[in-house]
Amino acid sequence: QAFLINLARRPDRLRKMTHQLDALGISFQRVDALDAQNTADTDLEQQFRADGPLGVIPKGDKCCALSHARAWRALAEADENYGLILEDDVALEASGALLLRRSDWIPPHVDLVKIERYGPPGQRVLVDERVEVGNGRKIGRLRSRHTGAAAYILSRRTAQTLLYHTRTWTLPVDHLLFNPNNSPRANVLRPHQMIPAIAHQSQQLGGRTDIGELPGRLVRALR
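Predicted model, so just to flag it, every value in this text is computed and none were measured.

Cut-offs and rules
- Residues numbered from 1 in each chain as written.
- Predicted model: local features only at pLDDT ≥ 70, side-chain atom pairs only at ≥ 80, totals over all residues.
- Heavy atoms only, no water.
- Phe/Tyr/Trp six-rings, centres within 6.5 Å; stacked < 30°, edge-to-face > 60°.
- Helix = DSSP H or I, 4+ residues; strand = E, 2+ residues; numbered from the N terminus.
- Buried < 20%, exposed > 50% of the residue type's maximum accessible area, 1.4 Å probe, protein only.
- Polar contact = N/O pair within 3.5 Å; in protein donor to acceptor, adjacent residues only side chain to side chain.
- Contact = heavy atoms within 4.5 Å.
- Disulfide = S-S within 2.5 Å.
- Core = buried A, V, L, I, M, F, W, Y, C linked by side-chain atoms within 4.5 Å.
- Expected span 1.5 Å × (residues − 1).
- Salt bridge = Lys/Arg side-chain N within 4 Å of Asp/Glu carboxyl O.
- 1 Å grid on protein atoms, 1.4 Å probe; cavity = no way out; pocket = protein on both sides within 12 Å on 5 of 7 lines; lining within 4 Å.
- Points joined across faces, edges and corners; volume = space filled by probe spheres on them.
- Nonpolar A, V, L, I, M, F, W, Y, C, P; charged D, E, K, R; others polar.
- Axes fitted to C-alpha atoms, helices over the stretch in contact; angles between N-to-C directions.
- Parallel < 35°, antiparallel > 145°, perpendicular 65-115°, else oblique.
- Left-handed = near helix turned anticlockwise from the far one by under 90°.

Caption draft 1: A look at the packing of aromatic side chains. Taken as a whole and judged by the stated rule, the model has three aromatic pairs. Here Phe48 and Trp169 contribute two aromatic rings whose centre-to-centre distance is 6.1 Å and whose plane-to-plane angle is 25°, an arrangement assigned as stacked. In this pair, Phe48 sits in the loop between α2 (42–45) and α3 (59–76) while Trp169 sits in the loop between α5 (156–165) and α6 (173–178), placing the two residues 121 residues apart along the sequence. This pair shows no difference in class: Phe48 is buried, exactly as Trp169 is. On the basis of an interplanar angle of 75° and a centroid distance of 5.9 Å, the ring pair of Tyr152 and Phe178 is categorised as edge-to-face.

Caption draft 2: Region of interest: the side chain of Thr39. If you trace the backbone, Thr39 turns up in the loop between β2 (28–32) and α2. Among the polar contacts made by the side chain of Thr39, one reaches the main-chain carbonyl oxygen of Asp35 at a distance of 2.6 Å. Here Thr39 is in contact with Leu34, Leu44, Lys59 and Cys63, once residues within four sequence places are set aside.

Caption draft 3: Representation of the state of the cysteines in the model. Under the definition given, this model contains zero disulfides. The closest cysteine sulfur to the non-disulfide-bonded Cys63 is located on Cys64, 8.9 Å from its own sulfur. The class of Cys63 is buried, set by a relative accessible area of 0%.

Caption draft 4: Quick peek at the nonpolar core. Counting 38 residues, the largest nonpolar core has Phe3, Trp72, Tyr152, Leu154, Trp169, Val173 and Leu177 as its most contacted members. Elements with a minimum of two residues in this core: β1 (2–6), α3, β8 (151–155), α5 and α6. Residue contributions to this core peak at ten residues, all from α3. Look past the residues within four positions of Phe3 in its chain and what remains in contact with it is Gln29, Val31, Ala71, Ala74, Leu75, Ala78, Gly83, Leu84, Ile85 and Leu86. In this structure, Leu99, Val133, Ala150 and Met194 belong to the second largest nonpolar core, which totals 27 residues.

Caption draft 5: Representation of α3 within the structure. Here α3 contains 18 residues, and its C-alpha end-to-end distance of 26 Å stays within 8% of the 26 Å for a straight helix at 1.5 Å per residue. Across the 18 residues that make up α3, a large majority, 15, are buried.

Caption draft 6: Focus on the pattern of salt bridges. Counted according to the given criterion, the structure contains 14 salt bridges. Notably, a salt bridge pairs Glu93 with Arg137, separated by 3.1 Å at the nearest N-O pair. In this pair, Glu93 is assigned in the loop between β4 (90–92) and α4 (97–100) and Arg137 in strand β7 (residues 137–142), connecting sequence segments 44 residues apart. Classification of Glu93 as partly exposed rests on a relative accessible area of 37%. On the basis of relative accessibility, which here comes to 3%, the residue Arg137 falls in the buried class. One salt bridge connects Asp111 with Arg157, and the closest N-O pair in it is separated by 2.6 Å. In this pair, Asp111 sits in the loop between α4 and β5 (112–114) while Arg157 sits in helix α5, placing the two residues 46 residues apart along the sequence. When its relative accessible area of 14% is taken as the criterion, Asp111 is described as buried. The exposure class of Arg157 is partly exposed, given its relative accessible area of 47%. Among the charged side chains, a salt-bridge network with shared partners connects Asp128, Glu129, Arg143 and Arg190.

Caption draft 7: Summary view of the layout of surface pockets. Taken as a whole, the largest pocket encloses approximately 360 Å³ of empty space. Arg117, Gln123, Val125, His146 and Ala197 are, among the 20 residues lining the largest pocket, the residues nearest its centre. Secondary-structure elements contributing two or more residues to the lining of the largest pocket are β6 (127–134), β9 (192–195) and β10 (199–201). In terms of residue count, β9 provides more of the lining of the largest pocket than any other element does, three residues in total. For the lining of the largest pocket, the per-class residue count stands at eleven nonpolar, four polar and five charged.

Caption draft 8: Just the packing of α3 against α5, in detail. Interhelical geometry of α3 versus α5 gives an angle of 130° and a closest axis separation of 8 Å. With respect to α5, the axis of α3 lies oblique. In this structure, the crossing between α3 and α5 has a hand that is left-handed. Contacts between α3 and α5 involve Ala69, Trp72, Arg73, Leu75 and Ala76 from the first element and Arg156, Ala159, Gln160, Leu162 and Leu163 from the second. In the contact of α3 with α5, the residues fall into seven nonpolar, one polar and two charged.

Given below as structure tokens:
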């Protein structure tokens, strides 16, 4: 099952994602995203450290992180061994849809699979321990930073663990999961990368980022 993070004031994105997921035969549960435009700073202060490995976390990053935590909680409470976590501006390749409807291809020791390609076309990431998973794709242990958290597969047990360890956040969610340079938790999670990726963020689906008025770094990360 997929867990789709969506702002209440973006029903247009929900319609587009519903059309796409229905066409691919992927069932989903909507997860209400936390909106930076109507969330008080005081509601966030206790959940984030004032500083961290990358400095102060902007408000938009905070709301994005807590929105993902809502998706993790939904997965932790579901009758599923794995869940597909999606932001609401992700384009999925039909050729990979079969893998997104099953979980028997995921090795028992793998709890986190990034299925997204993020960054410029020529960007390279370091991956080893590659294994074939079907449909012409492999997964491998991610050994370098590959940020963006728009599309990934997470085990229920890891969702439960993440909820426990993120009672106080020190990093944006994509760095927490996929940046072993700054995140000790990423090294524990042992994230894997799908090659070739199934997903990428699409302006045709989402337009400009709309979780809040964010600095340039995060705007690029959410597009």
